[in-house]
Each structure stands twice: as C-alpha cells, then as structure tokens.
Amino acid sequence: MSKFLSLSLNFVLLLAAPEIMAEDSGKEKVGGLCATLYIGTDKDVVKLGKKVSMLDTATEKRLRSIEKMRFKHYRKLGSDIQPVFRSYENWLAPLKPSEEILLSYESRGRSNDGGMRLDLELWQHKRKVMKTDPVLQKGRPLFILGPKWRGGTLIIAVELVENILSN
Amino acid sequence: MKKEPDQTTLTQWIDGELVGEELQRVETWAQNHPELLAERDAIQAMNQSIRATIPASIEPPYGDFFNERILRHIESEQLTQAPTLAPKRRIWQWLMIPTAAAGMAFCFYVGTRVAEPTSITSPANIVVSSIYTPDGDVSADIFRAEGAGATVIVLKGLTDIPDDLEMVGNPATDSSNGASMASISTSY
C-alpha cells in the first residue's frame, strides 16, 4: 500500500513540476535585445576575410553620420538576439560560437519614459571591460566603439527589439 | 592571588585582554580552577577560528561604480530640493553646494584611488547614467549622436584583438523561449 502511495506521489510531483517551475516570474520574458557587431576600417577590406558581410544602406548611413565612427568601409561580423528576462541575467554572443566578444545584461525594470533600464556588461576575451546602466528605447541603439582588429575598429550595436514593459 | 577576581577582570582574562602583573595574578589564581582554564582555552580557540575564517574587512565589489552612483543620486536629490528652500536659507544653500561638492569630490577620489576614474561626458538627455571600466588603462567617453538617434560609448585603451583570430559569427539567432538561456562559460 505504502509503495502504491509513494509511486502516486512521485507521479503527481512529476506532473506538477512544470507548473512549479513556471511560477518563477523572474524567468518571464519582458523584452528582446539584439547585439550586432560591425567593423569600420579605412584600410583594405580584403584584410577582414571573405566571411564578413555588407551592411544595408540605412545602417551604413547611420554609422557614417556619427563623426567618431566615420570610416571608409563598414562590414558586419555577426549578430545575436536574446530574450530579456524579468530578473535573470542573460548573454549575447554576436560572434557565436566564439566568446571573444560577449555582452551580459539584466533588466532593472521600466524607466519613467517607457524605456528599459538595464545593467549591461561588455566582455572581451572573457574579461569584463565595461559595465554600464543604460535606459534603452526601441529604435534607439547604443553604439560601443570597441577594440581594434585587423586595422579596423569594432562597433558593437546594442538595440532593444522588443519591450513588453513599455505597455 | 588568593581572592577571586571580579567578573570584569575574569572576562578580560578570558578575552585575552589582561597584561602584566594583573595577568600573572589571575593566571596564578586560575591554576586552582581548571574549569575556568578550560573555558578560557575553548573561547580563545573559537575566536582564533572565527578570525581565520572571516576577514577583518571586505572590499565591496565595484566600489568606485557604487560610489559614483551614490554621488549622482545625491546630486540629483540636491537639485530637486533646492527650489523648495526658504529664501533666508538660500544664501547658505549656495555656500553649502560648493562645499558639499568639494567634499563629495574628495570622497570620490579617496574611494577610487585604487583605479583611475572613468572620464564621462554626460549628455543633456542622459540615457546612460554611469560607466565603469574595471581596467585602469581603459577609459570611456559617452555622447549622444542626435543625427543617428543613438547613444555612443567610445572605449579607449582596450587590448587589440589578434589578427589571426577569426571574428565572424553565425547569423542572428533568437532563443525567445525562456528555457533556452545562453549557456556560456565565463571562467578563466
């Protein structure tokens, strides 16, 4: 009889496990964050290799309009989109599977103007090189002019692509 | 010592705070009270164990980042409170602001003397309130690019990425279901 009870209890727990896990509201998705890695260079783009891709005209025009990011050539190296959780950290790896450039982030809730407060960290070669606390709005990216590579300068664009907190 | 020491002296002896002649007197008296000797030894052993386990002081992580945020909060509080002050106090307020600012600047310098503070140019419309660069050789400037509708952080002093490293990633991926959180090792 007791064996039957034990088996029944295990079965009930097994069924209830997803419900118990779903109760963690911290894992609820509250937005989406995109990190795109570009490179700007005044040198020959052949040095960058064959795998780099061209930018769309609008993005190139946007980058070129920023004086400190004005280069002869721009190329895209990679991109990653990940969810923003209500209270859990998450990571962006635009060079996946490489971990040379990583971004870790965590939501700090909604700002007064409907943006999303974030704790954002930039990692280079598994070393944290910058920590900041931006308020991001959809369509208004944060550009980070980062390290140099093959004569060019990396540009990391961090953009909120979805913001459920703004509703 | 034939007379029993008072409670204060006994407590000081147990805590190892007695010295010189007084210590000798209590030690002599305690030779006839092995239970007190055992208690003293046990307490002192426990104290040593605690000292070995718990450091005397712990440096807070990212101390300068923390200090900087506190200073900014204090500054914003002062700006908010200034118009509500009575007219008679305004002249003192004017004197207090530079004094407080100088004091805060000094405290900030002391708090960040381990690493050089990051230079931050705050734009009028602040989107990023503070930047912290753990490496003292790295500095950060922030400005708003109105034409591009973006905020820009310029990091200087970063180590160059080796040219032989292949730096092209896969196309964008979105694992929007909560279960597939990126699993990336950050250990050194």
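See the structure above.
Rules of the game
Residues numbered from 1 in each chain as written. Chains lettered and ligands numbered in written order. Predicted model: local features only at pLDDT ≥ 70, side-chain atom pairs only at ≥ 80, totals over all residues. Heavy atoms only, no water. Phe/Tyr/Trp six-rings, centres within 6.5 Å; stacked < 30°, edge-to-face > 60°. Buried < 20%, exposed > 50% of the residue type's maximum accessible area, 1.4 Å probe, protein only. Lys NZ or Arg CZ within 6 Å of the ring centre and 35° of its normal. Salt bridge = Lys/Arg side-chain N within 4 Å of Asp/Glu carboxyl O. Helix = DSSP H or I, 4+ residues; strand = E, 2+ residues; numbered from the N terminus. Contact = heavy atoms within 4.5 Å. Buried area = accessible area lost by both parts, 1.4 Å probe. Polar contact = N/O pair within 3.5 Å; in protein donor to acceptor, adjacent residues only side chain to side chain. Nonpolar A, V, L, I, M, F, W, Y, C, P; charged D, E, K, R; others polar. Pairing = 2+ DSSP bridges. Axes fitted to C-alpha atoms, helices over the stretch in contact; angles between N-to-C directions.

1. Observations regarding the packing of aromatic side chains
Residues and elements named next belong to chain A. Tallied over the entire structure, the rule returns two aromatic pairs over all chains. Ring geometry for Phe-71 against Tyr-74: centres 6.2 Å apart, planes inclined by 80°, an arrangement best described as edge-to-face. In terms of burial, Phe-71 and Tyr-74 fall into one category: buried. Positioned over the ring face of Tyr-88 is Lys-27, at 5.8 Å from the centre of the ring.

2. Brief notes about the pattern of salt bridges
The tally for this structure, following the rule as stated, stands at 15 salt bridges over all chains. Across the pair B:Glu166 and A:Arg150 runs a salt bridge, and its minimum N-O distance is 3.8 Å. Separated into two different chains, B:Glu166 in the segment after strand S3 (150-156) and A:Arg150 in the loop between strand S7 (142-149) and strand S8 (152-163) make up a pair that spans both. By relative accessible area, B:Glu166 is classed as partly exposed at 39%. With a closest N to O distance of 3.3 Å, B:Arg144 and B:Glu146 form a salt bridge.

3. As for the interface of chain A and chain B
Each partner contributes residues to the interface: chain A has 57 residues there, and chain B has 53 residues. When the buried area of chain A at its contact with chain B is split by residue, A:Lys131, A:Asp133 and A:Trp149 rank highest and sum to 13% of it. Put simply, chain A and chain B have two salt bridges between them. The tally of links from chain A across to chain B stands at 16 residue pairs in polar contact (both at pLDDT 80 or more). At the level of elements, strand S1 (29-41), strand S2 (73-85), strand S3 (90-92), strand S4 (101-110), strand S5 (116-124), strand S6 (127-136) and S7 of chain A are the ones that each hand at least two residues to the side of chain A that touches chain B. Residue contributions to the side of chain A that touches chain B peak at nine residues, all from S6(A). Among the residues making up the side of chain A that touches chain B, the classes are represented as 30 nonpolar, nine polar and 18 charged. Pairing of S6(A) with strand S1 (residues 128-132) of chain B, which is carried by three bridges, proceeds in the antiparallel orientation. Pairing of A:Thr132 across the sheet is with B:Ile131, part of S1(B).

4. Overview of the sheet that holds S7(A)
On the basis of which strands lie adjacent, the open sheet formed by six strands has the order S2(A)-S1(A)-S8(A)-S7(A)-S3(B)-S2(B) and mixed pairing. Because the sheet does not close on itself, it has two edges, and the strands there are S2 of chain A together with strand S2 (139-145) of chain B. Going from strand to strand, the sheet's axes swing by 20° on average, the running direction of each strand aside. Both S1(A) and S8(A) contribute to a ladder of 10 bridges, which runs antiparallel. In the strand pairing of S8(A), A:Gly32 is matched with A:Glu162. Sheet strands touched by helix H2 (residues 57-64) of chain A: S1, S2, S7 and S8 of chain A. Its angle to S2(A), the strand with the most contacts, is close to 100°.

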